[in-house]
Amino acid sequence: MKELLPLLIVVLSIDQFRYEYLQRFAPHFGDGGFRRLEREGAVFTNARQRHSVTSTAPGHAAIGGGTVPAENGIVANRWFDRDAPPDAAKWDAYYAEIAPYRAPAATGGRHSAGRTAGAPPAWQTSGAPILVTSPAALLTPSLSDALPAKTKVISLALTDRAAILMGGRSADAAYWFDGPTGRFVSSPYYDASDEVLAFNDLVPGYMPASAQWRLLHKSADTFDPPEAWPLKNTTYNGTFPHPIPTIRALQYTPFAHEMILDFAQHVVAVEQPDLLYAGISSTDYLGHLYGPDSLEVADSAIRLDRALEAFLDALERRYGDRVLVVLTSDHGVQSIPEVAKLRDPRADAGRVDLRVPDRTARTIRDLSTARIAIERSVAKKLGRSFSLDTPLEDAFVAFFEEPMLYLNPRFRDARTKRALRDAVRELDGVANAWTHDEPLPPLMRNSVHPQRSGDVLIALRPGWIWMWGSNSTTHGQPVEADLHVPLIFWGTGIAPGVHGVEASPLDITATLAQILGVQAGGPQSRVLPVRAILRP
């Protein structure tokens, strides 16, 4: 009997979606969304990322290409290019993306007038940040590169890095949502379709008539007492109802789940692709603001389940039993530390602030308390003098990007690296730190690329996060809450069952490649036992 191949393969990545959400919110799911995938699909309960930097860009590069950052070069959402010439435009883009920084009053630091005021400090001109907004940053092939030329591959998401990195260098098109304009866009790298982008005329219709996000169902599987509301991000209120004043704000609500899945249906109807990657990114946006313990995340998961049911039904109407869907996530998330402490005052939780200073910063005095402590400690270990008035171009650390510190090129020697590593180990919340060229634990080793990674790599203790605003939460660590994600294969040729074997989103590429009769994925991308056994 000849194996039946799918007419369409869809890889769904739910950004910032912990595996335990499938269990915790299951009582509120219907029968046709997550439950259907689990009932009829191959479910891998022990799927974890195989790299330590559990961020959006590395996660989606792993999903699309089956390679770890050490191979594909996507070591973080952004990194420091030591050899880049001065480029003010790149620094403008960098400061436009990161959260505003304000020097803590305890250090006597100045409060800047804004991210774009003034010229970049002198030390910044020694290199430029790399923002992942092009597949050119990928150093290894993706599944799209292994498929025959006639195969049509399209990738889409709310975030550019998710769409671009899942599709890889050979995707026919990639589309993402531009928040400031409230429109789906592409770039000249791709052969974008005007008919696809005509969907933008429908985008305003996803704004609810009330211009509010109201609670659909009060889940008991949360920890969200009134005392926790001020601890969440209050940009759009710390509790329900949340105002939705603009289409840009729509991204921070579950109404964007329906929008992105409807856009995916539109792309399928217009382009009829063979392979479609779709990133559901609003789970990450709102998850950062409200945290995994919140009613907002519960409501988001319940609404996503309904949107997923409608999406699966639409695919079935179009393709019958000739469609294969893979569902996964790029990473999980940790609790808001203050909420964790509210729940259990003994909780070991907190924030570590090593952020790059505001662009108006000029001296060590303008750095965060932890960065100042590092500079002071390194100077002491090296027997050098220390002053808060030292210009930043003379500081030991040039740049920080989670979880890496880049040394000032003037001080980039083995002794200074070791001193910086040991200084970082002294910080509260740090589990360990390593120089990039010493033996590393496997997950950290998989995240290090010698030309792109920082000089010192850091792992925080579970419950501790990098500073991401004064409230909110984040991810990016090699801890269970960030590593453990869903992985389900469903549809054509897939044998239903629950598998407890070790698995990873990294395995999607090798598994789909075997189904499609090609070779793809790195040495750590494994073929998972998903296929039905055919009998003549």
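**Considering the packing of aromatic side chains**
What the rule picks out here adds up to 26 aromatic pairs. Ring geometry for F17 against F34: centres 5.6 Å apart, planes inclined by 20 degrees, an arrangement best described as stacked. Taken as a pair, F17 in the loop between β1 (8–14) and α1 (20–24) and F34 in helix α2 (residues 34–40) lie far apart in primary sequence, 17 residues in all. By the ring-pair criterion, three or more aromatic residues cluster together here, those being Y175, F177, F184, F199, Y206 and F263.

**With respect to the pattern of salt bridges**
Oppositely charged side chains may form a pair once their charged atoms are brought near each other. Enumeration over the complete set of coordinates arrives at 31 salt bridges. Across the pair D224 and K232 runs a salt bridge, and its minimum N-O distance is 2.9 Å. Taken as a pair, D224 and K232 share a single burial class, namely buried. In this structure, D437 and K417 form a salt bridge, with 3.4 Å as the shortest nitrogen-oxygen distance. Pair noted here: D437 is in the loop between β15 (430–435) and α16 (442–445) and K417 is in helix α15 (residues 414–425), with a separation of 20 residues, a long-range link.

**Overview of empty space enclosed by the protein**
Applying the stated rule across the entire model yields four cavities of 30 Å³ or more. Of the volumes computed, that of the second largest cavity is approximately 50 Å³. Looking at the second largest cavity, the residues that line it are Q16, F17, Y21, T283, L286, G287, V297, S300 and A301. Of all the secondary-structure elements, those providing two or more residues to the lining of the second largest cavity are α11 (282–290) and α12 (295–319). Taken together, the residues that form the lining of the second largest cavity break down as five nonpolar, four polar and no charged.

**Considering the nonpolar core**
Judged by nonpolar contacts, the single largest core of 63 residues is most densely connected at F34, L156, F184, M259, F263 and L276. The leading source of residues in this core is α12, at 11 residues. Once residues lying within four places of it in the same chain are set aside, the contact partners of M259 are L158, F177, F184, F199, V203, Y206 and L250. With 34 residues, the next largest nonpolar core counts I164, A174, W176 and V530 among its residues.

**Let's talk about the layout of surface pockets**
Any empty space left between the atoms is revealed when a probe the size of a water molecule rolls over them. In this structure, the largest pocket encloses a volume near 1500 Å³. Contributing to the lining of the largest pocket are 45 residues, with R78, E97, I98, R161 and W468 lying nearest its centre. Those elements giving two or more residues to the lining of the largest pocket turn out to be α5 (88–97), α7 (160–167), β6 (173–178), α11 and β13 (397–401). Residues that form the lining of the largest pocket fall into these classes: 21 nonpolar, 13 polar and 11 charged. The volume enclosed by the second largest pocket comes to roughly 250 Å³. Along the walls of the second largest pocket sit L5, P6, L7, I9, L147, P148, K150, T151, D274, L275, L516 and V518, which together make up its complete lining. Tallied by class, the residues present in the lining of the second largest pocket amount to nine nonpolar, one polar and two charged.

**Some points on helix α18 (residues 507–516)**
When you tally the buried positions in α18, you get eight out of 10 residues, the bulk of the element. What α18 keeps buried is the set D507, I508, T509, A510, T511, L512, A513 and I515. Buried residues belonging to α18 abut β1, α3 (56–65), α6 (143–146), β11 (323–328), β18 (487–491) and β19 (497–503). Immediately downstream of α18, the backbone of G517 shows phi near 75 degrees, a positive value.

**Brief notes about the packing of helix α14 (residues 369–382) against α15**
It is at 9 Å that the axes of α14 and α15 come closest, and there the two elements cross at 130 degrees. Here α14 is positioned oblique relative to α15, judged by the angle of their axes. The handedness of the crossing between α14 and α15 is right-handed. On the side of α14, the interface is formed by I374, S377, V378, K381 and L382, while α15 contributes R415, T416, A419, L420, D422, A423 and V424.

**So, the sheet that holds β13**
Pairing is antiparallel in the open sheet, where four strands are placed in the order β13-β14-β16-β15. The sheet is open, and its two borders are formed by β13 and β15, each paired with just one other strand. Direction aside, the axes of adjacent strands within the sheet are offset by 20 degrees on average. Here strand β14 (residues 404–407) pairs with strand β16 (residues 456–460) via two bridges, running antiparallel.

**Quick word on unusual backbone geometry**
Along the chain, F240 connects to P241 via a cis peptide bond; the corresponding omega equals -5 degrees. By the secondary structure assignment, P241 is in the loop between β8 (212–213) and β9 (242–243). Here E402 and P403 are connected by a cis peptide whose omega angle stands at -5 degrees. Position of P403 relative to the elements: it lies in the loop between β13 and β14. The phi dihedral of A211 is positive, around 55 degrees, even though this residue is not glycine. On the accessibility criterion, A211 (32% relative accessible area) is partly exposed.

**Here we look at α5**
Helical periodicity: at 3.6 residues per turn, an α-helix aligns residues three or four positions apart in one direction. When α5 is considered as a whole, its buried residues turn out to be W91, Y94 and Y95. When α5 is viewed along its axis, its buried side chains cluster within an angular range of 90 degrees and face the same direction. Those residues of α5 that are exposed and aimed more than 90 degrees away from the buried face are A89 and A96. Tucked into the core, α5 has its buried residues touching β3 (78–81), β4 (128–131) and β13.

**What about the side chain of N77?**
Here N77 shows up in the loop between α4 (69–72) and β3. Within the structure, the side chain of N77 is placed 3.4 Å from the backbone nitrogen of T56, a separation counted as a polar contact. Within the structure, N77 has its side chain in polar contact with the backbone nitrogen of A57 (distance 2.8 Å).

**Describing the sheet that holds β19**
What the nine strands build is an open sheet, ordered β7-β6-β5-β10-β1-β11-β18-β2-β19; its pairing is mixed. The open sheet has two free edges, formed respectively by β7 (183–185) and β19, since each of these has just one partner strand. Strand-to-strand, the axes of this sheet are offset by a mean angle of 15 degrees, without reference to chain direction. Where β6 lies against β7, three bridges are found, and the strand directions are antiparallel. Considered in β7, the bridge of W176 is made with V185.

So, how was this worked out
Residues numbered from 1 in each chain as written. Predicted model: local features only at pLDDT ≥ 70, side-chain atom pairs only at ≥ 80, totals over all residues. Heavy atoms only, no water. Phe/Tyr/Trp six-rings, centres within 6.5 Å; stacked < 30°, edge-to-face > 60°. Helix = DSSP H or I, 4+ residues; strand = E, 2+ residues; numbered from the N terminus. Salt bridge = Lys/Arg side-chain N within 4 Å of Asp/Glu carboxyl O. Buried < 20%, exposed > 50% of the residue type's maximum accessible area, 1.4 Å probe, protein only. 1 Å grid on protein atoms, 1.4 Å probe; cavity = no way out; pocket = protein on both sides within 12 Å on 5 of 7 lines; lining within 4 Å. Points joined across faces, edges and corners; volume = space filled by probe spheres on them. Nonpolar A, V, L, I, M, F, W, Y, C, P; charged D, E, K, R; others polar. Core = buried A, V, L, I, M, F, W, Y, C linked by side-chain atoms within 4.5 Å. Contact = heavy atoms within 4.5 Å. Axes fitted to C-alpha atoms, helices over the stretch in contact; angles between N-to-C directions. Parallel < 35°, antiparallel > 145°, perpendicular 65-115°, else oblique. Left-handed = near helix turned anticlockwise from the far one by under 90°. Pairing = 2+ DSSP bridges. Arc of directions from axis to C-beta. Polar contact = N/O pair within 3.5 Å; in protein donor to acceptor, adjacent residues only side chain to side chain.

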